[in-house]
Each structure stands twice: as C-alpha cells, then as structure tokens.
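Here are the chains, one letter per residue:
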Amino acid sequence: MNALPPTENLEASPGQTDLPLILLVDDTPDQFELLSELLAGCPCRLLKATSGPQALTLALREKPDLILLDVLMPNLDGLQVLGELKQNPATHTIPVVFLTAKSEPEDIVTGLEAGAADYILKPFHGAELVARVKTHLGFKLAMDRERKLIADLQEIAAEVEHLGGLIPICAHCKKIRNDSGFWQQVEEYVSQRSVAQFSHGLCPDCSPAYFPNYKPKEARPPVSLVMPESLEPSLPKVLVVDDSPSNIRTLIQFLREDYKILVATSGPVALELALHERPDLILLDVIMPEMSGHEVCLKLKEDPRTNHIPVIFVTGENEECGELKGFGMGAVDYITKPFSLSIVRARVKTHLELKRYRDDLEKQSMTDGLTGIPNRRHLQKFMDLLWSQAIRMHGSITLVLIDVDHFKAYNDHYGHLAGDDCLRRIAKALEGVIHRKTDLIARFGGEEFLCILPATDFDGAARVAEDLRSVIEALAIPHEKSSAGDHVTISLGLASCFPTVADNQDHLLDQADQALYESKKQGRNRWTALPPA
C-alpha cells in the first residue's frame, strides 16, 4: 500500500489538540524504544501495551486510530488479538498493522486474510514504516469522515419516515423538502456503504425559474432507487470518483439505469473501493484535494489487483499535454468538462465492452482447452509473480513436475479420445489436492503437469507429492500397457530453492526434471526430491 496522504493532513489544525493515536503492542521493551524513535517525526500520540489482553483492554477503552501489533507474543498472540478486535463491533474498524519477523508468504497471506491492514517485517526500515503509518492513518481519517457523513444521513433519513427512505433535496436551494410528489430527477448519491438515498430535483419554490411552463402532476409516487437483487450482480460496476457533488449527481442520473454505481469523493476512498469492489470501470476526476486523480491512477496501475481496471479521466483540463500525461499513466480515455452525457455513455459502454472482451480472452488464454485447468501461459505469469515475491521475502519455492507414466502407450492402445478423457480426469484429481490459494497446478504440456508450492518446507512438499501420486492411483484407470502397474500412474520430481536476483527459474525447473528422471529410472509411480538449492 503506497498511497501517502500529505503529512499536514495528519497534523492537528489550529485549536485542535488531539493527534491520531497509535497503539503499540509488543512484549519486548527494546521494540517500544525503537518504534518511538522511528515515529518521532510522525504527528501522532503513542500508547503502549505489553500483552494481548492489555492491548484488547486499551483498544476498547481508548479507540486508537491505528494498532501496530506484534505477531509472536505469549498467552495471546497477534492473530488471536486481531480476531478478538474484528469480532467486537466497538473495535472492528480500527486498522491493524502486523509487525513481525515471520516473512513466509503463507504467514503474510494468513495475516491479511484475517483482517490485517498491512504486514511490516522486522527489522524495520524507518522511512517505510513512517510512510505506511501515515498512509493508514490517512485512510482511517478519511473513512471516519465517510462514516460520520453516512451516520448523519441515516439520522436525517429516519426523521423523514413517510418518504420511504428517500431524502428529497432541492438542487437549487439545497433545502430538504417534504413534498415528494413533484420531483423531476431522483438519483443515488452516496456510496454502497450508505442505506440513505437522495433525490436531487427542484422544489416547488425554485422550479418556476427553470420550468416556467411546467404543470406538476398530482399525487406522483416517489421513484424507488433500489435495483432488484436478482439483477444487481449482472450489472457492470462503475466507480465514479469526484469531489464535486453536482458532477456525481449528473453522472449517476445518466448512468444508473445501466450500471451499478459506486461513489468515492476522495482518492484514498477510491483506492479502497477499487480494491474491495473491483469495479469494471472507473470515471476519475483529475483535480481533487488530498490526492489527485493522477496519483490515484498511478496507485491503481501499480497494484496487480487493480491495474486491469480501465480508467477514464474526467476533468476540466483540456490541454493536449494533460491528455498525454493521462494516457501515459495508463488511462484508456480522457473526457473534458463540460462533457456531453451521450458521449460519456458511449465511451463508458465502449470501454466496458472492450474490458469484457479482454477478460474473456484473458480467461481463455490462461486456461488449457482440454483439461480446463491453468495452462503454461498462466503458469509462467504466476511463477514470475511468486519468484519476485520470494526474492523480496527471502522465501522458498518448490516445483513438482508430474508425468503420466507410459501415456503414449495408453493413447496407442485405447485411442486418443480415451487419452483426452484420461488427461481430463487426471487434471481434475490433481487440482483437488491443492487447497492453498498460493499454490497452483497447471498443464505443462502433453501429459506433463507442474505444481508450484511457495513457502513450503521439504516435509510439506513431500506430503503434497505423495497425495498427488496416490490420488491418481485411486482413480484406478485401466492401463494394460504400463510397466508400472495395471492402471494409470504418475511419476513426480521435486526441486526447491530460495531464489535470489542471480538465480534463474529454468535452473529450478531443470532440477525438477532431473528428479522426475530419477523417479522413472527407479520404476515409476513414485516421487523423488533433489536437495534444496
């Protein structure tokens, strides 16, 4: 997470004495002193806890803005503390950043999946620690503002019960009106986190200035803004990011019938929504306080989880250099204000269709046509990602190369259609053995498959290899022409390494291939492992 709100956003404004409160949780006194020194330049207050139970008590009582939490502690470890915090409604919104020496990818995945906002490894790098702390404090303050706004809106909505949840606000005088029979326009305004809904039409007092010849219909029922649940999932998601309510209202009014609309009024909130909601398209204003649209776009493109989302800049800047800058950052289009709504709709539709087409192609290009599991292209992209991560985290990678024993003889004897069906059954069985999200089984080519096991020690890899071997044996697919048995079997080769920048992926694959050769040499239907490199 790299988004860094300006430092001044975290500082106390004139007349404000309270700075953001950070709770440090660690059972080692030296860590407190080190963290206090590193955070000396960060405008915040520090609170200390030396155990899990004490941390829970302080978190409940003081409601800190951020918790820096050690993982390895006696009695109640960091994961248990995090679980208690997330289960308590009074503390579940407090962001928690793990501080730990546990650097294995599976540990990081476990922490993040448990609800941690970030994971910082010891020993700390001072600048990185301060930057991440400021980032999370900035997000927390932004989300607190959003929650307060939503709470205020819900309170107002409760006071206007007879309107069925709609809050009619005049687009001209901005006053709330209780006459719901006149509204010309009804539109969603707040993000999906809010249960309140807005109607920004013109009130009877202001409408004559805009529609002098209009004659209102009597007893006009309010328009419902809630899409049927059965239709919602099929609607593409469009995230509108703008700090101007009028621009948001205009875009929502025009796009709401065809798309599910998400709304963010700031860059940090837009990044969080993009990460958790994965919209199909983002309409992004360029000029915003706190974080510009250009900064937001760069953060989106830097994150592999969001870099595929098409971004259309919507801005008042119409200079050619501004457009070139936007396209250089990865935007797919550039719309200048004041914009033509029909052009906006056409461009949104075009880019959503292109994205759907690209997604379909990507899915097809990453899937083996015969077996339905990931293909070699998917395998290579996944391997590249894990390899760089292992170098960064000083982690290990284990490859398990799998070959179907005497498959040519199987094809020759039973026919290619039977051979194809055999490969499909084998692929499905192998895939069923893999349970971790960080592992992958893919078709490597022909009758070969490859399994990738990051952050797995020898004993763990050996268990997986034996499970892979035995699950194919349990299929009991007849094979009269095999010297390894009367049924289809596989041979496996294991190789592991701790990658460095000087290492090559092909070398690890060659080692797995050598191990596979040894398995075949020793009679097949077995696995062989080479020592870690």
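Residues numbered from 1 in each chain as written. Predicted model: local features only at pLDDT ≥ 70, side-chain atom pairs only at ≥ 80, totals over all residues. Heavy atoms only, no water.

A.B. asks: Explain the sheet that holds strand 9 (residues 260-264) residue by residue, including any values.
C.D. replies: Here we have five strands laid out as an open sheet, ordered 9-8-10-11-12, and parallel in their pairing. What marks the edges here is a single partner per strand, and that holds for strand 9 and strand 12 (333-336). Each strand axis lies, on average, 20° off the axis of its neighbour in the sheet, ignoring direction. Sheet strands in contact with helix 7 (residues 245-255) are strand 8 (237-241), strand 9 and strand 10 (281-285), and its direction is about 170° off that of strand 9. Across the sheet, helix 9 (residues 293-302) lies against strand 10 and strand 11 (311-315), angled at about 175° from strand 11, the strand it touches most. (Pairing = 2+ DSSP bridges. Helix = DSSP H or I, 4+ residues; strand = E, 2+ residues; numbered from the N terminus. Axes fitted to C-alpha atoms, helices over the stretch in contact; angles between N-to-C directions. Contact = heavy atoms within 4.5 Å.)

A.B. asks: Provide a residue-level description of the nonpolar core, including the pertinent values.
C.D. replies: Counting 28 residues, the largest nonpolar core has I402, L430, F449 and L468 as the members making the most contacts within it. Every element with two or more residues in this core is listed here: strand 13 (397-404), helix 13 (407-414), helix 14 (416-433), strand 15 (448-454), helix 15 (458-475) and strand 16 (490-497). Per-element tally for this core: the top contributor is helix 14, with seven residues. Ignoring sequence-local partners within four residues, the contact set of L468 consists of V400, I402, L430, V433, C451, I490 and L492. (Core = buried A, V, L, I, M, F, W, Y, C linked by side-chain atoms within 4.5 Å. Buried < 20%, exposed > 50% of the residue type's maximum accessible area, 1.4 Å probe, protein only.)

A.B. asks: Account for helix 12 (residues 376-393), naming residues and giving values.
C.D. replies: An ideal rise of 1.5 Å per residue puts 26 Å on 18 residues; helix 12 measures up with 25 Å between its terminal C-alpha atoms. Those residues of helix 12 that sit buried are L379, F382, M383, L386, W387, A390 and M393. Considered in projection along helix 12, the buried side chains sweep an arc of 140° and stay on one side of the axis. Where helix 12 starts, the residue carrying a side-chain oxygen 3.2 Å from the main-chain nitrogen of R377 turns out to be N375. Backbone geometry just after helix 12 places H394 at a positive phi near 55°. (Expected span 1.5 Å × (residues − 1). Arc of directions from axis to C-beta. Polar contact = N/O pair within 3.5 Å; in protein donor to acceptor, adjacent residues only side chain to side chain.)

A.B. asks: Report on the confidence of the model for the protein chain, specifying residues and quantitative values.
C.D. replies: Atomic detail in the predicted coordinates should be set aside for any region of low pLDDT. Residues at a pLDDT of 70 or more form 77% of the protein chain, whose mean pLDDT is 77. Here residues 1-16 is modelled with pLDDT under 50, and outside its nearest four sequence neighbours on either side it reaches 36 contacts, counting other chains as well. A low-confidence stretch, residues 177-201 stays under pLDDT 50, and its non-local contacts, those more than four residues away or across chains, total 92 contacts. (pLDDT = per-residue confidence, 0-100.)

A.B. asks: Lay out the sheet that holds strand 14 (residues 440-445) in plain terms, naming residues and giving numbers.
C.D. replies: Judged by pairing direction, the sheet is mixed, and its five strands sit side by side in the order 14-15-13-16-17 without closing on themselves. Here the strands that pair on one side only, and so sit at the sheet edges, are strand 14 and strand 17 (527-529). Put simply, the sheet's adjacent strands are angled 20° from each other on average, direction ignored. In terms of strand pairing, strand 13 meets strand 16 through eight bridges, oriented antiparallel. Looking at strand 16, one finds that T398 is bridged to S496. Strand contacts of helix 14: strand 13, strand 14, strand 15 and strand 16, with the helix running at about 10° to strand 15, the strand carrying the most contacts.

A.B. asks: Tell me about the packing of aromatic side chains, residues and numbers included.
C.D. replies: Under the definition given, this model contains four aromatic pairs. Look at Y410 and Y414: their rings are 4.5 Å apart centre to centre, the planes differ by 35°, and that puts the pair in the tilted class. With Y410 and Y414 both in helix 13 and four residues apart, this pair spans about one turn of that helix. Judged by its relative accessible area of 29%, Y414 falls in the partly exposed class. By way of ring pairs, the aromatic residues F407, Y410 and Y414 are connected into one cluster. (Phe/Tyr/Trp six-rings, centres within 6.5 Å; stacked < 30°, edge-to-face > 60°.)

A.B. asks: Requested: an account of the pattern of salt bridges, with residues and values cited.
C.D. replies: Inspection of the entire model under this criterion finds 10 salt bridges. Measuring nitrogen to oxygen at the nearest pair gives 3.2 Å for the salt bridge that ties R443 to D368. Of the two residues, R443 is situated in strand 14 and D368 in the loop between helix 11 (341-365) and helix 12; the sequence distance between them amounts to 75 residues. The pair R443 / D368 is uniform in exposure class, with both members buried. Across the pair R436 and D439 runs a salt bridge, and its minimum N-O distance is 2.7 Å. For R436, a relative accessible area of 26% gives the class partly exposed. (Salt bridge = Lys/Arg side-chain N within 4 Å of Asp/Glu carboxyl O.)

A.B. asks: How would you sum up the packing of helix 8 (residues 267-277) against helix 9? Please name residues and give values.
C.D. replies: In contact at an axis separation of 10 Å, helix 8 and helix 9 are set at 25° when each is read in the N-to-C sense. By the angle between their axes, helix 8 is roughly parallel relative to helix 9. Seen along the crossing, helix 8 lies across helix 9 with a hand that is right-handed. In this structure, helix 8 contributes G267, A270, L271 and A274 to the contact, and helix 9 contributes V296, K299 and L300. In terms of residue class, the contact of helix 8 with helix 9 is made up of five nonpolar, one polar and one charged. (Parallel < 35°, antiparallel > 145°, perpendicular 65-115°, else oblique. Left-handed = near helix turned anticlockwise from the far one by under 90°. Nonpolar A, V, L, I, M, F, W, Y, C, P; charged D, E, K, R; others polar.)

A.B. asks: Help me get a handle on helix 14, residues and values and all.
C.D. replies: Structurally, the α-helix is built with 3.6 residues per turn, so residues lying three or four positions apart point the same way. With 18 residues, helix 14 should reach 26 Å at 1.5 Å per residue; the first-to-last C-alpha distance of 26 Å fits that figure. For helix 14, the complete set of buried residues consists of G419, C422, L423, I426, A427, A429, L430 and V433. Summarising the contacts, the buried residues of helix 14 are in contact with strand 13, helix 13, strand 14, strand 15, helix 15 and strand 16.

A.B. asks: Mind laying out the side chain of N411, listing which residues take part and the relevant values?
C.D. replies: Of note, N411 is situated in helix 13. When its relative accessible area of 14% is taken as the criterion, N411 is described as buried. Look past the residues within four positions of N411 in its chain and what remains in contact with it is H416 and G419.

A.B. asks: Break down the environment of T438 for me, citing the residues and quoting the values.
C.D. replies: In this structure, T438 sits in the loop between helix 14 and strand 14. Residue classification places T438 among the buried positions, given a relative accessible area of 16%. For the pair formed by T438 and L386, sequence separation is 52 residues and the distance between their alpha carbons is 8.7 Å. Not counting the four nearest positions on each side in its chain, T438 is found in contact with V109, F382, L386, I452 and P454.

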